[in-house]
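Spelled out, the chains give:
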Amino acid sequence: MSDRINVCISCDDNYAKYAGVVIASVLVNANEEDDLHFYVLDGGITYENKSKISSLISIKDCEINFVSIDESMFDDYKNVKTHQYISIATYYRLKAPTLLPDVDKLIYLDCDMVVNTSLKELFAKDTSNYLLAGVSDNKTRMVKENPTYVNAGMLVMDLNNMRKDKTEEKFFNYTKENIDKITKGDQEIINDVCIGRINVIEPEWNVQTSNFVNRSTYTNHPKIIHYLSKEKPWKFGSYSYFKPLWFKYLQLTPWALNDNEKFKWGVINQIEIGRAHV
């Protein structure tokens, strides 16, 4: 069996650093035999930031490909209602079967995540009779209405099955027909179109930060942490579980903090967090 693992990330230049942290976390936790191929769906990343991301091969030998995106392909998604802080780059994955014609299967990861283990087991998750695999979303109401409703921050996407199913076309048609009803952006589109054809897998593969409020076995040793909501670890004074871990992975990248920045983001940031939660 091949040890090849395909990983896809979408971002514009504003999120290049955060994409770099995700990639660094994957590489440092990979097995020696993991053959990692990254596909960065590139919504205008500068040459400088592409070079920084490419330099991460120094952590572990891998392949990093940048796939230039023509944003006019996503004009129909620009009016979809979603959170204000979510950019159009999150919709790039809806066209992954076309954008990556030679890729059969991949793991999609949002830029607000870190990976704490090899992705080999995740990539091997069964998608033979599915379009996707993912972890239940922490919004229990949505899961009650749709038992296969998953959080779209991490998806194992079977691009071959999606091509056979014409899923990409279905995403487009669903969006066009429901443009005034959609409130949760691409996650809603993905779940409604793929309903019943999503393999719901173990929660440790996408531990959303709100899960930590109610501790469980999978939050003690999360395989992937998803820094959900506006409280991102890179936001000064924000609070999130496992925030120091994000900075640990940041230090493996060309965006690593210098001593003054470490003091600011360590000591002073901690004081700000304490004040905000008094």
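This report concerns the structure included in the present document.

## Things to note about the packing of helix α1 (residues 16–28) against helix α10 (residues 243–250)
Contact pair α1 / α10: the axes reach a minimum separation of 8 Å and the direction vectors enclose 85 degrees. With respect to α10, the element α1 is oriented roughly perpendicular. On α10, the residues touching K17, Y18, V21, A24, S25 and V28 of α1 are W246, Y249 and L250. Its residues assigned to classes, the contact of α1 with α10 comprises seven nonpolar, one polar and one charged.

## Notes on the environment of G185
In this fold, G185 is placed in helix α8 (residues 185–193). Linking G185 and K164, residues 21 residues apart in sequence, is a C-alpha distance of 24 Å.

## A few points about the layout of surface pockets
The computed volume of the second largest pocket comes to approximately 260 Å³. In terms of lining residues, the second largest pocket is bounded by 15 residues, among which K243, P244, F247, W265 and G266 are the most central. With six residues, helix α11 (residues 259–276) is the largest single contributor of residues to the lining of the second largest pocket.

## Here's the deal with the state of the cysteines
A covalent bond between the sulfur atoms of two cysteines is what we call a disulfide. Under the defined criterion, the tally for this structure stands at zero disulfides. Not engaged in a disulfide, the cysteine C62 finds its nearest cysteine sulfur in C8; these two sulfurs lie 14 Å apart. Of the residues examined, C62 reaches a relative accessible area of 13% and is grouped as buried. No disulfide involves C111; its sulfur sits 4.8 Å from the nearest other cysteine sulfur, which is in C11. The class of C111 is buried, set by a relative accessible area of 5%.

## Some remarks on the sheet that holds strand β10 (residues 224–226)
In space, the three strands of this open sheet follow the order β5-β10-β9, with mixed pairing throughout. Across the chains shown, the open sheet's two edge strands, defined by having one partner strand only, are β5 (113–115) and β9 (207–208). For β9 and β10, the ladder comprises two bridges, and the chain directions are parallel. Residue Q208 lies in a different strand from β10, and its bridge partner there is H226.

Rules behind the numbers
Residues numbered from 1 in each chain as written. Predicted model: local features only at pLDDT ≥ 70, side-chain atom pairs only at ≥ 80, totals over all residues. Heavy atoms only, no water. Axes fitted to C-alpha atoms, helices over the stretch in contact; angles between N-to-C directions. Helix = DSSP H or I, 4+ residues; strand = E, 2+ residues; numbered from the N terminus. Parallel < 35°, antiparallel > 145°, perpendicular 65-115°, else oblique. Contact = heavy atoms within 4.5 Å. Nonpolar A, V, L, I, M, F, W, Y, C, P; charged D, E, K, R; others polar. 1 Å grid on protein atoms, 1.4 Å probe; cavity = no way out; pocket = protein on both sides within 12 Å on 5 of 7 lines; lining within 4 Å. Points joined across faces, edges and corners; volume = space filled by probe spheres on them. Disulfide = S-S within 2.5 Å. Buried < 20%, exposed > 50% of the residue type's maximum accessible area, 1.4 Å probe, protein only. Pairing = 2+ DSSP bridges.

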